[in-house]
Amino acid sequence: MKKIFAILLALLLVCSFVACSDEEVEKEDGTNLTVTDTEHHYNAGGTYNDRFVYEIINGNQVAIVGFESDYTPHDVVIPATIENCPVVEISDAAFYHCSQLKTITVPITVTKIGKMAFAGCVQLTAVKYVDNTASSIRTIDEYAFAYCESLSSITLPDTLTVLGEGAFFQCKALPSIDIPAVVRDAGGNVQSGVVTISDMAFMGCESLTTVTGGEGVETIGNYAFRGCAELASVSLSAVLTEIGDYAFSGCTALTQPTLGEGVTVGEYAFE
């Protein structure tokens, strides 16, 4: 647990000192995220005076970096374009601890939800997509929805490839989750789908009863489902090779599933 709070504290400190600058940042995949313009505000208007804080990145794309509105919890729709540029990213801590959110609708243009992007949004009940199913999200980063205690409806899109550490940590109302199946190209490279359920991804999701899908998951991280006391059914991939320490610890409703040969099981994984 010390690790969890150390990470959260570190991220909070980073978020507290965010400043806009024309500096070059390179992602792990080599994508250049040079901020070519500083913060601006997009007034969406409406009853609650929604206003999105954003930056132009890569010259022609938009990252949402903050949100302002009247306090009353309400449905919020992220615009698909701002200044005729597609909104491709919800940046780290963009909606952190935003108690105005009741539901959030994410446009198909968005490919990444950053670290702690919606963490602590305790009124958030649902994440929606514009046409109900279609989404281009490939990354849900570390602690993106941590402590969203009312979140009861979200579909992980088929395009998802990265499910970050603690992504749904302590989402106490989440009843079920379907893990996107892995799709590979002719060379064996992952095109979509989740290969790794990261450490603490669903830890403390005490209402979680079923986990489906997951064809192609190779690794279930440490503490991934720890404390999911209502979890009674979990689908395990035929290519699963590793289950981390305490991965299903405290899942008292779960009968240990039959595992294939060669699966490494960590300490107290099912205790």
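Residues numbered from 1 in each chain as written. Predicted model: local features only at pLDDT ≥ 70, side-chain atom pairs only at ≥ 80, totals over all residues. Heavy atoms only, no water.

J.: Break down the overall build of the protein for me, citing the residues and quoting the values.
T.: Helix and strand counts for the protein stand at one helix and 20 strands. Looking at the protein as a whole, 46% of its 271 residues are labelled buried. On the protein, roughly 12,600 Å² of surface is accessible, and the fraction owed to carbon and sulfur atoms is 48%. (Helix = DSSP H or I, 4+ residues; strand = E, 2+ residues; numbered from the N terminus. Buried < 20%, exposed > 50% of the residue type's maximum accessible area, 1.4 Å probe, protein only. Areas by Shrake-Rupley, 256 points an atom, 1.4 Å probe, with all protein chains shown as cover.)

J.: For the sheet that holds strand 4 (residues 74–77), give the residues involved together with the corresponding values.
T.: Reading across from one edge, 4-7-9 is the order of the three strands in this open sheet, with parallel pairing throughout. Looking at strand neighbours, the two that pair on one side only are strand 4 and strand 9 (126–129), the edges of this open sheet. Adjacent strand axes in the sheet meet at a mean angle of 25°, parallel and antiparallel pairs treated alike. Where strand 4 lies against strand 7 (residues 101–106), four bridges are found, and the strand directions are parallel. Considered in strand 7, the bridge of Val 76 is made with Ile 104. (Pairing = 2+ DSSP bridges. Axes fitted to C-alpha atoms, helices over the stretch in contact; angles between N-to-C directions.)

J.: So, the state of the cysteines: which residues are in play, and what are the values?
T.: Per the stated rule, a full pass over the model turns up zero disulfides. Free cysteine: Cys 171, not disulfide-bonded; nearest cysteine sulfur from Cys 205 at 5.2 Å. Between Cys 205, a cysteine without a disulfide, and Cys 228, which holds the nearest cysteine sulfur, the sulfur-to-sulfur distance is 5.1 Å. On the basis of relative accessible area, Cys 205 is assigned to the buried category, the value being 0%. (Disulfide = S-S within 2.5 Å.)

J.: So what's going on with the packing of aromatic side chains? Residues and values would help.
T.: For the structure on display, the rule yields 13 aromatic pairs. Taking the centre distance of 5.2 Å and the plane angle of 5° together, the rings of Phe 248 and Phe 270 count as stacked. Placement of the pair is Phe 248 in the loop between strand 19 (242–243) and strand 20 (264–265) and Phe 270 in the segment after strand 20, with a sequence separation of 22 residues. Under the relative-accessibility criterion, Phe 248 is labelled buried at 2%. The structure contains a cluster of three or more aromatic residues connected by ring pairs, namely Phe 52, Phe 67, Phe 95, Phe 118, Phe 145, Phe 168, Phe 202, Phe 225, Phe 248 and Phe 270. (Phe/Tyr/Trp six-rings, centres within 6.5 Å; stacked < 30°, edge-to-face > 60°.)

J.: Kindly report on the sheet that holds strand 16 (residues 210–213), identifying the contributing residues and their values.
T.: Taken in spatial order, the three strands make up an open sheet running 12-16-18, and their pairing is parallel. Whereas interior strands pair on both sides, the edge strands pair on one side only; in this sheet they are strand 12 (176–179) and strand 18 (233–234). Judged from the four bridges that link them, strand 12 and strand 16 form a sheet pairing that is parallel. Along strand 16, the bridge assignment pairs Asp 178 with Thr 212.

J.: With reference to specific residues and values, describe the pairing of strand 7.
T.: Counting buried residues along strand 7, five of its six residues qualify, which places the element largely inside the surrounding structure. Taken together, the four bridges between strand 7 and strand 9 define a ladder with parallel strand orientation. When the bridges of strand 9 are listed, Thr 103 appears paired with Ala 126.

J.: Go over the confidence of the model for the protein with me, naming the residues and quoting the values.
T.: Model confidence for the protein is summarised by a mean pLDDT of 89, while 85% of its residues fall at 70 or above. Taken together, the stretch residues 29–36 has pLDDT below 50 and engages in 28 contacts with residues farther than four places along the chain or on a different chain. (pLDDT = per-residue confidence, 0-100. Contact = heavy atoms within 4.5 Å.)

J.: Outline unusual backbone geometry, listing residues and values.
T.: Look at Asn 84: it is not a glycine, yet its phi comes out positive at around 65°. Position of Asn 84 among the secondary structure elements: in the loop between strand 5 (81–82) and strand 6 (85–90). Despite not being glycine, Met 116 has its phi angle at roughly 55°, a positive value.

J.: Quick one: what's the story with the environment of Val 162, residue by residue and with numbers?
T.: The residue Val 162 is located in strand 11 (residues 162–163) in this model. Relative accessible area serves as the criterion here: at 36%, Val 162 is assigned to the partly exposed category. Sequence separation between Val 162 and Thr 139 is 23 residues, and the spatial gap between their C-alpha atoms is 4.7 Å. Among all residues touching Val 162, those that are not within four sequence positions of it are Arg 138, Thr 139 and Ile 140.

J.: Give a description of the side chain of Asp 50 that names residues and reports values.
T.: Mapping Asp 50 onto the fold places it in strand 2 (residues 50–57). An unpaired buried charge is present at Asp 50: no salt bridge exists, and Arg 51, the closest side chain of opposite charge, is 9.7 Å distant. Ignoring any residue separated from it by four or fewer positions in sequence, one finds Asp 50 in contact with Tyr 42, Asn 43, Ala 44, Gly 45, Phe 67, Glu 68, Ser 69, His 74, Asp 75 and Val 76. (Lys, Arg positive; Asp, Glu negative; His and termini not counted. Salt bridge = Lys/Arg side-chain N within 4 Å of Asp/Glu carboxyl O.)

J.: Can you tell me about the side chain of Thr 139, naming the residues and giving the values?
T.: Relative to the assigned elements, Thr 139 resides in strand 10 (residues 139–140). Setting aside its immediate chain neighbours within four residues, Thr 139 contacts Thr 111, Lys 112, Ile 113, Leu 160 and Val 162.

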